[in-house]
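Inside the fold
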Amino acid sequence: PATTFDSEEEQCEALHDEAAATAAAHAADLEARERAYHNAEVKLVAIPSSMLKIYAIQLNYFFWSVLSYTLMPVSAFVLAASTCVADPVTGVKYIRNLPYLRCSEVSTAEKVIPILVYTVMPLAAVVAAIVYVERHPTSYFANIGFSCWFDSLRSKARYYALFVMCRKLAIAILCGLLPMTAIWRHVAIIAVFVLSAFLVFAKRPFLHVQTSHCDTVAYGALIIMYADSLLVSEDSPAPQRAFAGVVFIIIVLAVLAFILGNVAEAVWRVFWRGEWHDQRLRDVAEAQARSTYKALEQNGVNPLFGDV
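Now for a description of the structure that goes with this document. Every chain is numbered independently, its residues counted from 1 as its sequence is written. Since the coordinates come from a predicted model, pLDDT governs what is reported: local features require at least 70, and pairs of side-chain atoms require 80 or more to be given and counted, while whole-chain, interface and lining totals use all residues. Hydrogens and water molecules were not included; the side-chain quantities draw on all heavy atoms of the structure.

Glancing now at helix H8 (residues 209–230). Under the 1.5 Å per step criterion, the end-to-end length of H8 is 32 Å for 22 residues, consistent within 8% with the ideal 32 Å. Among the residues of H8, those classed as buried are Gln210, Ser212, Cys214, Asp215, Tyr219, Ala221, Met225, Tyr226 and Asp228. A helix here means a DSSP run of H or I that spans at least four residues, while a strand means a run of E at least two residues long, and both kinds are numbered starting from the N terminus. Here the expected length of a helix is defined as 1.5 Å per residue gap, with one fewer gap than residues. Between buried and exposed lies partly exposed: a residue is buried under 20% and exposed over 50% of the maximum accessible area for its type, with that area taken using a 1.4 Å probe on protein chains only.

The following block contains the structure:
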């Protein structure tokens, strides 16, 4: 039920008391947050004292970097090696990308083990690395041993590394199992590129904005160039092939100009203006800190010495 007052003075006093209580609660909340921020224990990454451990962690980084970059072609080859094609004359089944090897000569284990190593193991490794980094954020092993996946990403967007691995495996599966003339292969590959571009544009998983912009533009260029390559074949007339070649060259030059422009801007900002390479992030953090300090001072709280 609504509160009734005998006079306007009582109503004004009640409103004033309510506003004062709200302001005091807000000030107490801001003060508690600020004190928790200043009293928080700063945890840094502890570097191992043994050089042997450091070399082992760097070797782990090198291993996963090589596997990540070679995952798609190797996985496509392994998956294609597990499929058989029958000879149109004799009817004998041979390995599709190894036509001199009969399918009967390859055991099930020889087909399954490479698939597990190059498809299941990378996904399991990325999931384990994400969980380990989340639980041990100051671990030298977590920050250096798996930095090939997480260095360019924001801390809240580490899941994007798993999406990258799934994207590579999806393209490897499409290229390894479906024939080149299958229309569903081309549709699925373009769909993967479109999904990747949309995810980067919508979620901005990278730490720097320019990286997200370059990645989105690169995906768009891949879509156009892939569709452009589908328009021509060996039997296409010369004008059609020339048009496809011109489109391909224009897209490549445009993407290179865009990426080089972002690189030139970063170089100019760091070496000419003397700013940090992540100056925009520092400006945002400074603006947020100033806003917090201003709100504390307006409510009678000194950010450094407590109550005024």
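If you look at soluble globular proteins, the nonpolar side chains tend to sit buried side by side. What we call a nonpolar core is a set of buried Ala, Val, Leu, Ile, Met, Phe, Trp, Tyr and Cys residues that are connected through their side-chain atoms within 4.5 Å. Grouped together as the largest cluster of nonpolar side chains are 30 residues, with contacts concentrated most on Trp149, Phe150 and Tyr160. The element best represented in this core is helix H6 (residues 159–177), accounting for 8 residues. In what follows, residue pairs with any heavy atoms lying within 4.5 Å of each other are defined as contacts. If sequence neighbours within four positions are ignored, Phe150 has contacts with Ala129, Ile130, Val133, Arg158 and Ala161. Counting 5 residues, the second-largest nonpolar core is a separate cluster that includes Ala81, Ile95, Leu98 and Val106.

Let us look at the packing of helix H2 (residues 51–81) against H6. Where H2 meets H6, the axes come as close as 8 Å, and the angle between the chain directions of the two elements is 30°. Relative to H6, the element H2 is oriented roughly parallel. Along this stretch, H2 crosses H6, giving a crossing that reads as right-handed. Residues Ser68, Tyr69, Leu71, Met72, Ser75, Ala76, Leu79 and Ala80 of H2 pack against Met165, Lys168, Leu169, Ile171, Ala172, Ile173, Gly176 and Leu177 of H6. A fitted line through C-alpha atoms represents every axis, and for helices the fit uses only the stretch in contact; the resulting angles, taken between N-to-C directions, go from 0 to 180 degrees. Between 65 and 115 degrees an angle is taken as roughly perpendicular, under 35 as roughly parallel, over 145 as roughly antiparallel, and anywhere else as oblique. By convention, the crossing between two helices is left-handed when the near helix turns anticlockwise from the far helix through less than a right angle, and right-handed when the turn is clockwise.

Attention now moves to the packing of aromatic side chains. When two rings of Phe, Tyr or Trp (its six-membered ring) have centres within 6.5 Å they constitute a pair, described as stacked for plane angles under 30 degrees, edge-to-face for angles over 60, and tilted for the intermediate range. Summed over all chains, the structure comprises 8 aromatic pairs. An angle of 80° between the planes, with centres 5.2 Å apart, marks the rings of Phe141 and Phe146 as edge-to-face. For the pair Phe146 and Trp149, a centre-to-centre distance of 6.0 Å together with 20° between the ring planes defines the contact as stacked. Across this residue pair, the class does not change: Phe146 and Trp149 are buried. Feature note: the residues Phe63, Trp64, Tyr132, Phe141, Phe146, Trp149 and Phe150 constitute an aromatic cluster, connected by ring pairs. Distance and angle both matter: a charge sits over a ring if NZ of Lys or CZ of Arg is within 6 Å of the ring centre and within 35 degrees of the ring normal. The positively charged end of Lys168 is found above the aromatic ring belonging to Tyr69, 5.8 Å away from the centroid. One cation-aromatic arrangement involves Arg204 over Phe201; the distance from NZ or CZ to the ring centre is 5.5 Å.

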